[in-house]
There are 2 protein chains.
Amino acid sequence: MIEPEKLSEHVERLNAELRRGLIVLVVMSQLEEKQYGYSLLKQLEEKSFSITQDTLYPMMRRLENQGYLQSDWQLDDNRPRRYYQLNEFGQAVLDALRKDWKTQLRIIEEIVR
Amino acid sequence: MIEPEKLSEHVERLNAELRRGLIVLVVMSQLEEKQYGYSLLKQLEEKSFSITQDTLYPMMRRLENQGYLQSDWQLDDNRPRRYYQLNEFGQAVLDALRKDWKTQLRIIEEIVR
DNA sequence: AACAATACTGTATGATATACAGTATAATAA
DNA sequence: TTATTATACTGTATATCATACAGTATTGTT
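Cut-offs used in this document
Residues numbered from 1 in each chain as written. Chains lettered and ligands numbered in written order. Predicted model: local features only at pLDDT ≥ 70, side-chain atom pairs only at ≥ 80, totals over all residues. Heavy atoms only, no water. Contact = heavy atoms within 4.5 Å. Buried area = accessible area lost by both parts, 1.4 Å probe. Salt bridge = Lys/Arg side-chain N within 4 Å of Asp/Glu carboxyl O. Polar contact = N/O pair within 3.5 Å; in protein donor to acceptor, adjacent residues only side chain to side chain. Helix = DSSP H or I, 4+ residues; strand = E, 2+ residues; numbered from the N terminus. Pairing = 2+ DSSP bridges. Axes fitted to C-alpha atoms, helices over the stretch in contact; angles between N-to-C directions. Expected span 1.5 Å × (residues − 1). Buried < 20%, exposed > 50% of the residue type's maximum accessible area, 1.4 Å probe, protein only. Arc of directions from axis to C-beta. Least-squares fit on C-alpha atoms with pLDDT ≥ 70 in both. Near = heavy atom within 4 Å. Nonpolar A, V, L, I, M, F, W, Y, C, P; charged D, E, K, R; others polar. Core = buried A, V, L, I, M, F, W, Y, C linked by side-chain atoms within 4.5 Å.

Draft legend 1. How the structure looks around the interface of chain B and chain A. With 47 residues of chain B at the interface, the matching set in chain A holds 47 residues. Here chain B meets chain A over a buried area of about 4500 Å², counting both sides, of which 70% is carbon and sulfur. Sorting the residues of chain B by area buried against chain A places Leu18(B), Ile111(B) and Val112(B) first, and these three jointly supply 15% of that buried surface. Taken together, chain B and chain A are joined by two salt bridges. Between Glu17(B) and Arg20(A) there is a salt bridge whose closest N-O contact spans 3.2 Å. At the boundary of chain B and chain A, one finds 14 residue pairs in polar contact (both at pLDDT 80 or more). At the level of secondary structure, the elements contributing two or more residues to the side of chain B that touches chain A comprise helix 1 (7-20), helix 2 (22-30), helix 4 (53-65) and helix 5 (88-112) of chain B. Of all the elements, helix 5 of chain B adds the most residues to the side of chain B that touches chain A, at 16 residues.

Draft legend 2. Just the sheet that holds strand 1 (residues 35-36) of chain B, in detail. Residues and elements named next belong to chain B. In space, the three strands of this open sheet follow the order 1-3-2, with antiparallel pairing throughout. Sheet topology places strand 1 and strand 2 (69-76) at the edges, where each strand pairs with a single neighbour. The strands that helix 4 touches are strand 1, strand 2 and strand 3 (79-86); relative to strand 2, the one it contacts most, it runs at about 125 degrees.

Draft legend 3. Just the side chain of Ser29(A), in detail. Along the chain, the position of Ser29(A) falls in helix 2 (residues 22-30). Within polar-contact distance, the side chain of Ser29(A) engages the backbone oxygen of Val26(A) at 2.8 Å. Apart from residues lying up to four places away in sequence, Ser29(A) is in contact with Leu94(A), Arg98(A), Ile111(B) and Val112(B).

Draft legend 4. Up close: helix 4 (residues 53-65) of chain A. Residues and elements named next belong to chain A. Along its 13 residues, helix 4 runs 18 Å from first to last C-alpha, staying within 8% of the 18 Å computed at 1.5 Å per residue. All of the buried residues along helix 4 are Leu56, Met59, Met60, Leu63 and Glu64. The arc enclosing the buried residues of helix 4, seen along the axis, measures out at 130 degrees, which places them on a common side. As for helix 4, its buried residues are in contact with helix 2, strand 1 (35-36), helix 3 (37-46), strand 2 (69-76) and strand 3 (79-86).

Draft legend 5. Examining the relation of the copies chain B and chain A more closely. Of the transformation superimposing chain B on chain A, the axial component is 0.0 Å and the angular component is 180 degrees, with the fit at an RMSD of 0.1 Å. Such values leave the two copies arranged in the relation of a two-fold axis. When each C-alpha of chain B is compared by its distance to the rotation axis, Gly21(B) comes out closest, at 3.4 Å. Of the residues that chain B buries at the interface, 100% are likewise interface residues in chain A, meaning the two copies contact each other through the same surface.

Draft legend 6. Quick peek at the protein's contact with DNA strand D. In the region of DNA strand D, 24 residues are neighbours, and Tyr38(A), Arg79(A), Arg81(A), Asp54(B) and Thr55(B) sit closest. Of what DNA strand D places within 4 Å of the protein, 66% of the atoms are sugar or phosphate. At 2.7 Å from a phosphate oxygen of DNA strand D is found a main-chain nitrogen or oxygen belonging to Arg82(A). The side chain of Arg79(B) places a nitrogen or oxygen atom 3.1 Å from a base oxygen of DNA strand D. Looking at the surface near DNA strand D, the elements that each hand over two or more residues are helix 1 (7-20), helix 3, helix 4 and strand 3 of chain A together with helix 2 and helix 4 of chain B. For the surface near DNA strand D, the element with the highest residue contribution is helix 4 of chain B, accounting for five residues. Split by residue class, the surface near DNA strand D holds eight nonpolar, four polar and 12 charged.

Draft legend 7. Structural view of the nonpolar core. Counting residues in each nonpolar core, the largest one holds 68 residues, and the members touching the most others are Val27(A), Phe49(A), Trp101(A), Val27(B), Phe49(B) and Trp101(B). The residues touching Phe49(B), leaving out its near neighbours within four places in the chain, are Gln104(A), Ile107(A), Ile108(A), Ile111(A), Arg19(B), Ile23(B), Val26(B) and Leu44(B).

Have a look at this one:
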């Protein structure tokens, strides 16, 4: 039996776990439009969705490996940036996922109250 | 680069991942009232939230280890059943988690559209 | 008598968010 | 000029946990 430490630590850990799977949905939905990692990072920050480099960069690489994203290097302002965007397959996956999510959400909201 | 197989397989995997962290919230919210594993399983099934024994039983054990639940064996109808319920700490954690979740949800809904 | 439903236990595995460690340039402040 | 912060990545390690797998035993039901 683990000793109950500070409440907030527990809540934070559970909250992080809770956001876990949602992050993909959030990120994919933002990649309907072309973005590079850092710009997406700032954009989500702006929208009050906290995410770090440690989470975002590996996730984008993974989403590309899984075949949802297409990426290319672009040189703007003399700076190389790796731009990502959903490809056709990724867009189809996102559309379906979004639909499932909305159904799930109704069920969960009913249960959690 | 992984070959894009059937769309539905991808969507299902992502959807499962999406539900991942939410399950704790769902289960804890049901354990404000005393329940044994199998009854909770059937109750959630009834409410269209699909979850299997493989997920539920280990989770309840874990939530008890983490100090959120209290459990005891009861003999009803001559059958031994292990009843679980949130303890005081678990209730406090749930209350805070629920609150955070509602905030998170508003943000996510705004982003995902 | 056979089978499904009920009601658990214990341990293994795989996916992945996050952590850690590092590189390099541009902009800004001291 | 120099230091610091912001920008913008890369690669690999770790910890958590949903799910899988394997098993036990009793109570209906057909």
